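Chain and residue survey
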Amino acid sequence: MKNIRLIITNIEELGVGYVLLVLAFGATFQVIMRYVFGVAYDWFDEWARYLTVLITFMGAGLGVKYGTHFSMEALTQYAPAPLAHLLKVIANLISCIIMAVAGYFAWIQIGKLMRFGVLTPATQVPMWIPYLPIGLFSVVISFRFLMQSVRHARAIVLREPFTR
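Residues numbered from 1 in each chain as written. Predicted model: local features only at pLDDT ≥ 70, side-chain atom pairs only at ≥ 80, totals over all residues. Heavy atoms only, no water.

Considerations on the side chain of Ser 142
For the record, the criterion: Numbering of helices and strands starts at the N terminus; helices are DSSP runs of H or I of at least 4 residues and strands are runs of E of at least 2. Residue burial is assigned from relative accessible area. The probe radius is 1.4 Å, only protein chains are included, and a residue is buried under 20% of its type maximum, exposed over 50%, and partly exposed in between. Counted as a polar contact is a pair of N or O atoms within 3.5 Å, where, for protein atoms, one must be capable of donating a hydrogen and the other of accepting one, and residues adjacent in sequence contribute only when both atoms are in side chains. Contacts are assigned to residue pairs that have any heavy atoms within 4.5 Å of one another.
In this structure, Ser 142 sits in helix α5 (residues 128-158). With a relative accessible area of 8%, Ser 142 lands in the buried category. There is a polar contact of 2.9 Å between the side chain of Ser 142 and the backbone oxygen of Cys 96. Other than its neighbours up to four places away in sequence, Ser 142 contacts Cys 96, Met 99 and Ala 100.

Written as structure tokens, this is what we have:
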């Protein structure tokens, strides 16, 4: 199980890095082509949007794993350790459920796009392919929230101090 989590984390980290590089170089190339040569590529603008969605969901999963994802800590900052851990368990479980529901509906949408054969406007790629990161990484994010919840529940049982 630990190896699977490590593999997923490595894929996410490398994926975010490489996709950001592709977007940076591609955007630079697109700007040069547009303003120097007067040529613009519609396919790049389309895929830049899809890649941005990809890195958003990949990065959100990493943010949850490393505890850098956006969170409200006003209550947990001043609460005693057991209460702070309990609040984190509740918050992470709610987030886990929300992402699981989002993933469920994303997979329903992906299935509909596959059945109807919708294509992307510029490149004519099946539209379900750009939607895959939403379904896939919603499940990963949900799992990561669940793991964070388990971590804080263990801290309650083991009476560990609360650390962010």
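Considerations on the packing of helix α2 (residues 42-66) against α5
Filter applied, for reference: Whenever a helix is involved, its axis is fitted only over the stretch in contact; in every case the axis is a line through C-alpha atoms, and angles between N-to-C directions fall within 0 to 180 degrees. Any angle that is under 35 degrees is reported as roughly parallel, and any over 145 degrees as roughly antiparallel; angles of 65 to 115 degrees are reported as roughly perpendicular and all others as oblique. Note on residue categories: nonpolar means Ala, Val, Leu, Ile, Met, Phe, Trp, Tyr, Cys or Pro, charged means Asp, Glu, Lys or Arg, and polar means any other residue, Gly included.
In contact at an axis separation of 8 Å, α2 and α5 are set at 10° when each is read in the N-to-C sense. Considering the angle they form, α2 stands roughly parallel to α5. Where α2 abuts α5, its residues Trp 47, Tyr 50, Val 53, Leu 54, Phe 57, Met 58, Ala 60, Gly 61, Leu 62, Val 64 and Lys 65 lie against Pro 130, Pro 133, Ile 134, Phe 137, Ser 138, Ile 141, Arg 144, Phe 145 and Gln 148. Of the residues in the contact of α2 with α5, the class split is 15 nonpolar, three polar and two charged.

As for the side chain of Gln 148
Along the chain, the position of Gln 148 falls in helix α5. Taking the relative accessible area as the measure of exposure, Gln 148 reaches 13% and is therefore buried.

Thoughts on the packing of helix α4 (residues 81-116) against α5
When two helices pack together, their arrangement is given by the angle between the helix axes and by the axis-to-axis distance. Heads up, the condition is: Helix crossings are classified by the rotation of the near helix relative to the far one: an anticlockwise turn of less than a right angle makes the crossing left-handed, while a clockwise turn makes it right-handed.
Viewed as axis vectors pointing N to C, α4 and α5 meet at an angle of 160°, and their least axial separation amounts to 7 Å. Considering the angle they form, α4 stands roughly antiparallel to α5. The interaxial crossing formed by α4 with α5 has left-handed handedness. Counted by class, the contact of α4 with α5 contains 25 nonpolar, 11 polar and one charged residues.

Purely geometric stuff here, so don't read any function into it on its own.
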